[in-house]
Amino acid sequence: MTETTSFNIGDIISTIFILGFSIIIPAIIIFIIYKVIKRSEKRANERLSLERENTVLLKNKLMI
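It should be emphasised that the depicted structure is a prediction, and the values quoted were computed from it without experimental measurement.

Engineer: If you had to explain the overall build of the protein chain to someone new, which residues and values would you point to?
Structural biologist: Per the secondary structure count, the protein chain includes one helix and zero strands. Taking 2.2 N^0.38 as the reference for a compact globule, 64 residues should give roughly 11 Å; the C-alpha atoms of the protein chain span a radius of gyration of 29 Å, well beyond that estimate. Reported as C-alpha extents along the three principal axes, the dimensions of the protein chain are approximately 100 × 15 × 5 Å. Considering the protein chain as a whole, with its 64 residues, one finds that 0% of them fall into the buried category.

Engineer: How would you sum up the packing of aromatic side chains? Please name residues and give values.
Structural biologist: Enumeration over the complete set of coordinates arrives at one aromatic pair. Considering the side-chain rings of F17 and F21, the 4.5 Å spacing of their centres and the 80° angle between planes classify their relative orientation as edge-to-face. Of this pair, F17 and F21 both sit in helix α1 (residues 9–63), four residues apart, which is roughly one turn of the helix. Since its relative accessible area comes to 52%, F17 is described here as exposed. F21 sits in the partly exposed class, given a relative accessible area of 38%.

Thresholds, definitions, all that
Residues numbered from 1 in each chain as written. Predicted model: local features only at pLDDT ≥ 70, side-chain atom pairs only at ≥ 80, totals over all residues. Heavy atoms only, no water. Helix = DSSP H or I, 4+ residues; strand = E, 2+ residues; numbered from the N terminus. Rg over C-alpha atoms; globule rule 2.2 N^0.38 Å. Buried < 20%, exposed > 50% of the residue type's maximum accessible area, 1.4 Å probe, protein only. Phe/Tyr/Trp six-rings, centres within 6.5 Å; stacked < 30°, edge-to-face > 60°.

Everything listed here is a matter of geometry and, on its own, says nothing about what the molecule does.
What follows is the structure, given as structure tokens:
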């Protein structure tokens, strides 16, 4: 008996497509979450610096 192996191009393409999306979509989601966290950290740092400046200004006004 001889065994013949045939490759179905459609199966190969669909497998690559499904595996690609199973890797790409989570990577995109992780990237978006990372950007959102970085943006919120930046805003928090800006708010903190503004509060520090306001505190210094208020202390200077009280000293005068």
